[in-house]
Amino acid sequence: MVSVNDGNDPHFRKAVVKPDAECPPDCSRPCEAACPAAAFRFTETRAGANAQVIEERCYGCGRCIPVCPYGLLEEEWYRRSSTQVADLLRDVDAIEIHTREGHLNDFRQLWQELAPALRNLKLVAVSAPRLGTNTAEELAKYHACMVPPTQGALLWQLDGRPMSGDIGKGATQAVVRLAAEVVARRGGLPGYLQLAGGTNLHTHAAVKEAGLLHKESGKQPLIHGVAFGGVARKLLSNILRELEEISTAAPAHIEEHPYILKRALAIAEGLVAPWKE
């Protein structure tokens, strides 16, 4: 799957240290404590320390930026061009498009630019947080923009509280509330619904309590899938670091290390087991 954005989106940003910035010697480095990806590296200097954000680890949660007492961190946004995306789609059969409130025209333009490459995909996923006061109604507007329409499966990914699943139990409430609202108002909106943004080990119980696991007789399930991001990164962080230590000149591939892969699969199974039941 290729993941793209139709404008500035928190999934497509990195934290960076401002040019020539140096941490004072008395800094307690709250950025390091706030980072769930252990993406900070410090090199001691006579005047303090040079901070570096390890690009491969940072996934753009943004928690470090507001806690820096000296304002030495900032966001760096990135976006692939339509030409780059079209080239990538030659070798894959699925795309995930991230959008946000106020991006409808940007989404329409992106769809038109990518239309020839989208025609034969097996899956198109549109990931969006809450959109105004009626997300289901807004998603219907996005669907109307899909001209020509996709021939593959259509998945609406409800991004309740982006990149927060590792925070704790309360983080999952936003996506459950959003899902309940979309289910109640979706009307004839085609496609599947998937939960994301704040999903964790507490999501299944919350979805069950909200009555979203049940389905009407003879009809499709109310919720069709769940995506784990932040909590999966947290649970797999030690394994990812182990792979980093193994790698030398080239990145390590987990498939080449069966004993590590087995441990990773056991962790993944723990996340999805309640949903399989």
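Asks: Would you mind showing me how to read the nonpolar core here?
Replies: It is characteristic of soluble globular proteins that their nonpolar side chains tend to be buried jointly. Ile 95, Phe 107 and Trp 156 are the most contacted members of the largest nonpolar core, which has 37 residues in total. The greatest single-element share of this core, amounting to 6 residues, is contributed by helix H6 (residues 173–185). Residues within four places of Ile 95 in sequence aside, it is in contact with Met 1, Val 2, Val 4, Val 85, Leu 89, Leu 114, Leu 118, Leu 121, Leu 123, Val 124 and Ala 125. By size, the runner-up hydrophobic cluster in this structure holds 19 residues, among which are Cys 31, Phe 40, Ala 51 and Met 163.

Asks: In this structure, what is going on with the packing of helix H8 (residues 230–246) against helix H9 (residues 258–276)? I would like to understand it.
Replies: Helix-helix packing: each pair is described by the crossing angle between the helix axes and the interaxial distance. H9 packs onto H8 with a crossing angle of 175 degrees between their chain directions and a minimal axis gap of 10 Å. Put simply, H8 runs roughly antiparallel to H9. Between H8 and H9, the residues in contact are Val 231, Ala 232, Leu 235, Leu 236, Ile 239, Glu 242, Leu 243 and Ile 246 and Tyr 259, Ile 260, Arg 263, Ala 264, Ile 267 and Leu 271, respectively. For the contact of H8 with H9, the per-class residue count stands at 12 nonpolar, no polar and 2 charged.

Asks: Quick question: what am I supposed to make of the sheet that holds strand S7 (residues 123–128) here?
Replies: In a beta sheet, neighbouring strands are held together by backbone hydrogen bonds and run either parallel or antiparallel to one another. With parallel pairing, the 6 strands of this open sheet are ordered in space as S1-S6-S7-S8-S9-S10. Edge positions in the sheet fall to strand S1 (2–5) and strand S10 (225–226), since each has one partner strand and no second. In this sheet, strand S6 (residues 94–98) lies alongside S1 in parallel orientation, the contact comprising 4 bridges. Paired with Asn 5 across the bridge in S6 is His 98. Sheet contacts for helix H5 (residues 135–145): S7 and strand S8 (153–159); angle to S8, the most-contacted strand, approximately 145 degrees.

Asks: Explain the pairing of strand S9 (residues 192–196) to me, please; I cannot follow it from the model alone.
Replies: Side-chain direction in a regular strand flips from residue to residue, so the side chains alternate between the two faces of the sheet. S9 sits mainly inside the fold: 4 of its 5 residues count as buried. One crossover worth recording links S8 to the parallel S9 by way of H6, and it is right-handed.

Asks: When you look at unusual backbone geometry in this model, what are you seeing that I'm missing?
Replies: Across the chain, the bulk of peptide bonds are trans and the bulk of non-glycine residues have phi less than zero. Omega for the bond connecting Val 147 with Pro 148 falls within 30 degrees of zero, at 0 degrees, which places this linkage in the cis form. Following the sequence through the fold, Pro 148 ends up in the loop between H5 and S8. Look at Arg 29: it is not a glycine, yet its phi comes out positive at around 55 degrees. Topologically, Arg 29 is positioned in the loop between strand S2 (13–17) and helix H1 (30–34).

Asks: Looking at this structure, I do not really get the pattern of salt bridges. What am I missing?
Replies: Between side chains of opposite charge, a pair can form as their charged atoms come close. Per the counting criterion, the structure on display carries 10 salt bridges. Of the charged contacts in the structure, one is a salt bridge between Arg 29 and Glu 44, with a shortest N-O distance of 2.8 Å. Here Arg 29, found in the loop between S2 and H1, pairs with Glu 44, found in strand S3 (residues 40–44); they are 15 residues apart in sequence, far enough to count as distant. Accessibility expressed as a relative area gives 21% for Arg 29, which makes it partly exposed. The salt bridge involving Glu 269 is made with Lys 276; its shortest N-O contact spans 3.2 Å. Overall, Glu 269 belongs to the partly exposed group, its relative accessible area being 37%. By relative accessible area, Lys 276 is classed as exposed at 61%.

Asks: Sorry if this is basic, but what is going on with the packing of aromatic side chains here?
Replies: The geometry of two aromatic rings is summed up by the distance between their centres and the angle between their planes. The final tally for this structure, using the stated rule, is 4 aromatic pairs. Taken together, a centroid distance of 5.8 Å and an interplanar angle of 65 degrees make the contact between Phe 12 and Tyr 78 edge-to-face. Of this pair, Phe 12 sits in the loop between S1 and S2 while Tyr 78 sits in the loop between strand S5 (73–77) and helix H3 (82–88), and the two are 66 residues apart along the sequence. Among the residues examined, Tyr 78 registers a relative accessible area of 39% and is labelled partly exposed. Measuring from ring centre to ring centre gives 4.9 Å for Phe 107 and Tyr 142, while their planes differ by 70 degrees; the resulting arrangement is edge-to-face. One end of the pair, Phe 107, is in helix H4 (residues 104–118); the other, Tyr 142, is in helix H5, and 35 residues separate them in sequence. Across the pair, exposure class does not vary: Phe 107 and Tyr 142 are buried alike. Aromatic ring contacts, followed pair by pair, group Phe 107, Trp 111 and Tyr 142 into a single cluster. The aromatic ring of Phe 42 is capped on one face by Arg 29, whose charged end is 4.2 Å from the ring centroid. The positively charged end of Arg 233 is found above the aromatic ring belonging to Tyr 59, 3.9 Å away from the centroid.

Calculation notes
Residues numbered from 1 in each chain as written. Predicted model: local features only at pLDDT ≥ 70, side-chain atom pairs only at ≥ 80, totals over all residues. Heavy atoms only, no water. Core = buried A, V, L, I, M, F, W, Y, C linked by side-chain atoms within 4.5 Å. Buried < 20%, exposed > 50% of the residue type's maximum accessible area, 1.4 Å probe, protein only. Helix = DSSP H or I, 4+ residues; strand = E, 2+ residues; numbered from the N terminus. Contact = heavy atoms within 4.5 Å. Axes fitted to C-alpha atoms, helices over the stretch in contact; angles between N-to-C directions. Parallel < 35°, antiparallel > 145°, perpendicular 65-115°, else oblique. Nonpolar A, V, L, I, M, F, W, Y, C, P; charged D, E, K, R; others polar. Pairing = 2+ DSSP bridges. Right-handed = clockwise from strand over helix to strand, strands pointing away. Salt bridge = Lys/Arg side-chain N within 4 Å of Asp/Glu carboxyl O. Phe/Tyr/Trp six-rings, centres within 6.5 Å; stacked < 30°, edge-to-face > 60°. Lys NZ or Arg CZ within 6 Å of the ring centre and 35° of its normal.

By themselves, these figures tell us nothing about what the structure is for.
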